[in-house]
Amino acid sequence: NRAIVCIVGRPNVGKSTLFNKIVGKRIAITEDKPGVTRDRIYAEGEWLNRHFTVIDTGGLEPDNEDMIMSNIKRQAQIAIDTADVILFVVDGLEGLNTTDKEVGEILRKSGKEVILACNKIDTPKNPDEIYEFYELGFGEPMVISAEQGLGIGDLLDEIIEHF
Ligand code: GDP
Ligand code: MG
């Protein structure tokens, strides 16, 4: 069976950008009908001849503040139930917030393999801000820029180590 990688994180951290980068194409997320949320997007990924399934658990995310926490908890649970390795994405420009901490807590308690990726670091030199993410308890964050394509090779190396 093909290994499954689930991307989890709060809205706007760059999950879909990273997903598209990993699968090498743009997969459009569109809502078919009003009120219907397509909450998982699947595609095949490949790195160094290792094939795996990547799931963007975000899909279409609520913009309503009240819905964000319940939605992300559901996403985290989907990831815990289906993933071999969870890619937990945080926003290195915005920094750590309480939603990150709550999601991190759920993921940590699950005992699943989690790789923490600190996204939106668009420069080669790591800013001091990345150190606050150690607090989440997943060790050193992998620093990436999904948009610029920085750190993606190292991240994929780490992902396939977990299969
Ligand atoms: P999602 O809601 O977690 O799926 O996040 P998206 O992939 O939709 O990205 C949210 C916003 O962050 C978009 O405007 C992206 O262009 C931007 N973004 C994503 N990755 C990066 C990055 O590496 N650097 C910067 N500066 N912006 C990014
Ligand atoms: Mg998205």
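A quick note: this is a predicted structure, and the numbers were derived from the prediction, not measured.

Undergrad: Requested: an account of helix 3 (residues 98–110), with residues and values cited.
TA: Given a rise of 1.5 Å per residue, 13 residues ought to cover 18 Å, and the 19 Å separating the end C-alpha atoms of helix 3 matches this to within 8%. Along helix 3, the residues that are buried comprise Asp100, Val103, Gly104 and Leu107. Along the axis of helix 3, the buried positions cluster into a sector of 105 degrees, meaning they face one direction only. In helix 3, the exposed residues that point more than 90 degrees away from the buried face are Thr98, Lys101 and Lys109. On its buried face, helix 3 is in contact with strand 1 (3–8), helix 2 (65–82), strand 4 (85–91) and strand 5 (114–119). Just beyond helix 3, the residue with positive phi is Gly111, at close to 75 degrees.

Undergrad: Account for the pairing of strand 2 (residues 41–47), naming residues and giving values.
TA: With seven bridges connecting them, strand 2 and strand 3 (residues 50–56) associate as antiparallel partners. Bridging across to strand 3, Ala43 finds its partner in Val54. Linkage of strand 2 to strand 3, two consecutive antiparallel strands, is achieved through a turn of two residues, within which Leu48 is found at a positive phi near 50 degrees.

Undergrad: Give me the lowdown on the nonpolar core, citing residues and values where you can.
TA: Grouped together as the largest cluster of nonpolar side chains are 39 residues, with contacts concentrated most on Ile86, Leu87, Phe88 and Leu116. The greatest single-element share of this core, amounting to six residues, is contributed by strand 4. If sequence neighbours within four positions are ignored, Leu116 has contacts with Phe88, Val90, Phe133, Leu136, Phe138, Pro141 and Met142.

Undergrad: Break down the environment of Ile152 for me, citing the residues and quoting the values.
TA: Summarising the element assignment, Ile152 is placed in helix 4 (residues 152–161). The spacing of Ile152 and Glu44 is 108 residues in sequence and 16 Å in space, taken between C-alpha atoms.

Undergrad: Go over the confidence of the model for the protein, please, and point to the residues and values.
TA: Across the protein, the average pLDDT comes to 90, with 91% of residues at or above 70. Note on residues 33–37: pLDDT under 50 across the span, and three contacts to partners over four residues away in sequence or across chains. Both confidence scores are given for the complex: pTM 0.93, ipTM 0.99.

Reading the values: rules and limits
Residues numbered from 1 in each chain as written. Chains lettered and ligands numbered in written order. Predicted model: local features only at pLDDT ≥ 70, side-chain atom pairs only at ≥ 80, totals over all residues. Helix = DSSP H or I, 4+ residues; strand = E, 2+ residues; numbered from the N terminus. Expected span 1.5 Å × (residues − 1). Buried ≥ 20, exposed ≤ 12 C-beta atoms within 10 Å, placed from the backbone. Arc of directions from axis to C-beta. Contact = placed C-beta atoms within 7 Å. Pairing = 2+ DSSP bridges. Core = buried A, V, L, I, M, F, W, Y, C linked by C-beta atoms within 7 Å. pLDDT = per-residue confidence, 0-100.

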